[in-house]
Amino acid sequence: MLSQYVPIVGLFALAAAFALFSVTVAPFMGPRRYNRAKLAAYECGIEPVDQPLTGGRFPVKFYLTAMLFIVFDIEVVFLYPWAVANDALGLWGLFAMVVFIGTVFIAYAYEWRRGGLEWD
């Protein structure tokens, strides 16, 4: 009975060996051309400033963008299975999906009205 799991264990072992090999060999084979720009902290082109970790407030637009991503990510997760099983669900499935898309549209309208789609 355990012989059914041998290919899966072998695949995990192969993946672990490849990951370990890649991490071990990368420092020896990779280029070493360090300069000041590569060692600097990356902050989307903004010069890094020294401030405490708890200092500074994030604009609300960051959270609105994250909320928009979550809304549409959840929508896609539910739309794919519905599209596959559309024939089997019948009229009730269509009604349920219209209600779902309506609630997603309410979240989209809220995001749009709050200015989450505009970048200054």
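Keep in mind it's a predicted model, so treat the numbers as computed, not measured. Sequence order as written defines residue numbering, which begins from 1 separately in each chain. The predicted nature of this model means local features are confined to residues of pLDDT at least 70 and side-chain atom pairs, given and counted, to a pLDDT of 80 or more, with totals for whole chains, interfaces and linings taken over all residues. Based on all heavy atoms of the structure, the side-chain values leave hydrogens and waters out of the count.

Asks: Just to check I follow, could you spell out the packing of aromatic side chains for this structure?
Replies: The description of an aromatic ring pair uses the distance of the two centres, along with the angle that the planes make with each other. Pairing of aromatic rings covers Phe, Tyr and Trp, the last counted by its six-membered ring, and requires centre-to-centre distances within 6.5 Å; plane angles under 30 degrees mean stacked, over 60 mean edge-to-face, and any other angle means tilted. The full count for this structure, using the stated rule, is five aromatic pairs. Residues Phe72 and Tyr108 carry aromatic rings whose centres are separated by 5.7 Å and whose planes lie at 70 degrees to one another, so their mutual orientation is edge-to-face. In this pair, Phe72 sits in helix H3 (residues 60-84) while Tyr108 sits in helix H4 (residues 86-114), placing the two residues 36 residues apart along the sequence. For every residue, the accessible area (1.4 Å probe, protein chains only) is compared with the maximum for its type, and the residue is labelled buried under 20%, exposed over 50%, or partly exposed between those bounds. Of the residues examined, Phe72 reaches a relative accessible area of 30% and is grouped as partly exposed. Secondary structure elements are defined from DSSP: runs of H or I of at least 4 residues count as helices, runs of E of at least 2 residues count as strands, and each element is numbered from the N terminus.

Asks: Before we go on, may I ask you to explain the nonpolar core in this structure?
Replies: Working definition of a nonpolar core: buried Ala, Val, Leu, Ile, Met, Phe, Trp, Tyr and Cys residues. They are joined through side-chain atoms within 4.5 Å. One finds Val71, Trp82, Met97, Phe100 and Val104 forming the largest nonpolar core, which totals five residues. Secondary-structure elements contributing two or more residues to this core are H3 and H4. Ranked by residues supplied to this core, first place goes to H4 with three residues.

Asks: Would you take a moment to explain the packing of H3 against H4 for this structure?
Replies: The axes of two packed helices give the description: the angle between them and the distance between them. Between the N-to-C directions of two axes lies an angle of 0 to 180 degrees, each axis being a line fitted to C-alpha atoms and, for a helix, fitted only over the stretch in contact. Running from amino to carboxyl end, H3 crosses H4 at an angle of 170 degrees, the nearest separation of the two axes being 10 Å. Taken together, the axes of H3 and H4 lie roughly antiparallel to each other. Asp, Glu, Lys and Arg are counted as charged, while Ala, Val, Leu, Ile, Met, Phe, Trp, Tyr, Cys and Pro are counted as nonpolar; the rest, among them Gly, fall into the polar class. Residues of the contact of H3 with H4, tallied by class, amount to 20 nonpolar, three polar and three charged. Should an angle lie under 35 degrees it is considered roughly parallel, over 145 roughly antiparallel, and from 65 to 115 roughly perpendicular; all remaining angles are considered oblique.

Asks: Looking at this structure, how should I read the UniProt feature "transmembrane region" (unreviewed entry) in the protein chain?
Replies: UniProt positions are given in the numbering used here, feature names are shortened, and annotations may be inferred rather than shown by experiment. When the UniProt feature table is mapped onto this chain numbering, "transmembrane region" (unreviewed entry) sits at residues 6-29, 62-83 and 89-110. The annotated region residues 89-110 carries 100% helix and 0% strand content, and the separation between its end C-alpha atoms amounts to 30 Å.

Asks: So what exactly am I meant to see when it comes to the side chain of Glu75 here?
Replies: Along the chain, Glu75 turns up in helix H3. Under the relative-accessibility criterion, Glu75 is labelled buried at 13%. Between two residues, a contact is recorded if the distance between any of their heavy atoms is within 4.5 Å. Aside from chain neighbours lying at most four places away, what touches Glu75 is Phe100 and Val104.

Asks: How should I be thinking about helix H1 (residues 6-29) in this particular structure?
Replies: In an α-helix, one turn spans 3.6 residues, which is why side chains three or four residues apart end up on the same side. Here H1 contains 24 residues, and its C-alpha end-to-end distance of 33 Å stays within 8% of the 34 Å for a straight helix at 1.5 Å per residue. Within H1, only one of the 24 residues are buried, leaving the element largely exposed. Residue count minus one, scaled by 1.5 Å, sets the expected span of a helix.

Asks: What's the story with H4 in this structure? I'm lost.
Replies: A rise of 1.5 Å per residue sets the reference length of H4, with its 29 residues, at 42 Å; its end C-alpha atoms lie only 34 Å apart and thus fall more than 12% short of the reference. The sharpest bend along H4 comes to roughly 75 degrees, located at Trp92. The complete set of buried residues in H4 reads Gly93, Met97, Phe100, Val104 and Glu111. Of the surrounding elements, those touching the buried residues of H4 are H3. Phi turns positive, to about 90 degrees, at Gly115, one or two residues after H4. Working definition for bend: take the seven residues up to and ending at a residue and the seven starting at it, fit an axis to each, and measure the angle between the axes.

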